[in-house]
Amino acid sequence: VQLQASGGGLVQAGGSLGFSCALSGRTFRNYLLGWFRQAPGKERDFIASITWSAGTTYYAGSAKGRFTISRDNAKSTVYLQMSSLKPEDTAVYYCAAKLFGRPSTDYRSDEYNYWGQGTLVTVSS
């Protein structure tokens with residue numbers, strides 16, 4: 001299983017930015033896909049997740065209203081769109097996959113089986 005993340009970069013506060021995570025290696029029908037982030041010196045935090053089959057989503061409280069997770073089954077890609085960005089959103093962002101995951105209960109990073117490489121987002125004030 002491979003997850004290849006792209007996107008990120010430098011953005012001003014209040015701006016928007018998006019990521020994509022291309023999936024390969026097997027069928028992801030039974031997988032939960034998630035996005036996490038890790039700020040310097042902090043733990044890796046859950047942002048949002050989506051089931052591959054039904055598209056059921058779940059968000060961390062801090063992400064609701066500003067972040068949107070989606071997936072395109074035909075392109076085998078998961079997306080994270082962020083808006084109204086703040087300097088505290090500066091972090092390395094990761095996509096991840098968990099077999100037979102459930103969106104409302106599986107939000108710990110150690111529960112996920114596969115990870116993409118991180119991509120850095122810097123929000124300037």
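What counts, and at which threshold
Residues numbered from 1 in each chain as written. Predicted model: local features only at pLDDT ≥ 70, side-chain atom pairs only at ≥ 80, totals over all residues. Heavy atoms only, no water. Disulfide = S-S within 2.5 Å. Helix = DSSP H or I, 4+ residues; strand = E, 2+ residues; numbered from the N terminus. Buried < 20%, exposed > 50% of the residue type's maximum accessible area, 1.4 Å probe, protein only. Phe/Tyr/Trp six-rings, centres within 6.5 Å; stacked < 30°, edge-to-face > 60°. Lys NZ or Arg CZ within 6 Å of the ring centre and 35° of its normal. Lys, Arg positive; Asp, Glu negative; His and termini not counted. Salt bridge = Lys/Arg side-chain N within 4 Å of Asp/Glu carboxyl O. Contact = heavy atoms within 4.5 Å.

**Q** Explain the state of the cysteines residue by residue, including any values.
**A** As used here, a disulfide is simply a covalent bond connecting the sulfur atoms of two cysteines. Enumeration according to the criterion identifies one disulfide in this entry. Here cysteine 21 engages in a disulfide with cysteine 95; their sulfurs sit 2.1 Å apart. Here the S-S torsion is close to 65°, and the disulfide linking cysteine 21 with cysteine 95 is therefore right-handed. Within this pair, whereas cysteine 21 is found in strand β3 (residues 17–24), its partner cysteine 95 is found in strand β9 (residues 91–99), the two being separated by 74 residues in sequence. The pair cysteine 21 / cysteine 95 is uniform in exposure class, with both members buried.

**Q** Could you give me a rundown of unusual backbone geometry, with the residues and numbers involved?
**A** Phi at serine 76 takes a positive value of approximately 50°, unusual for a residue other than glycine. Its place among the elements puts serine 76 in the loop between β7 (67–72) and β8 (77–82). Backbone geometry places phenylalanine 100, a non-glycine residue, at a positive phi of 55°. In this fold, phenylalanine 100 is placed in the loop between β9 and β10 (114–115).

**Q** So what's going on with the packing of aromatic side chains? Residues and values would help.
**A** For the coordinates displayed, the defined rule picks out 13 aromatic pairs. Both rings, one in phenylalanine 46 and one in tyrosine 58, keep their centres 6.0 Å apart while their planes meet at 35°; by these two values the pair is tilted. With a gap of 12 residues between them, phenylalanine 46 in strand β5 (residues 44–51) and tyrosine 58 in strand β6 (residues 57–59) connect regions that are remote in the sequence. We classify phenylalanine 46 as buried; its relative accessible area is 12%. Looking at tyrosine 58, the relative accessible area reads 31%, which means it is partly exposed. The residue whose ring lies beneath arginine 44 is tyrosine 94, and the NZ or CZ to ring-centre distance is 3.7 Å.

**Q** Which residues make up the side chain of lysine 98, and what are the values?
**A** Positionally, lysine 98 belongs in strand β9. The buried charged residue lysine 98 lacks any salt bridge partner; its closest oppositely charged side chain belongs to aspartate 106, at an N-O distance of 4.4 Å. Ignoring any residue separated from it by four or fewer positions in sequence, one finds lysine 98 in contact with Asn30, Tyr31, Leu32, Asp106, Glu111, Tyr112 and Asn113.

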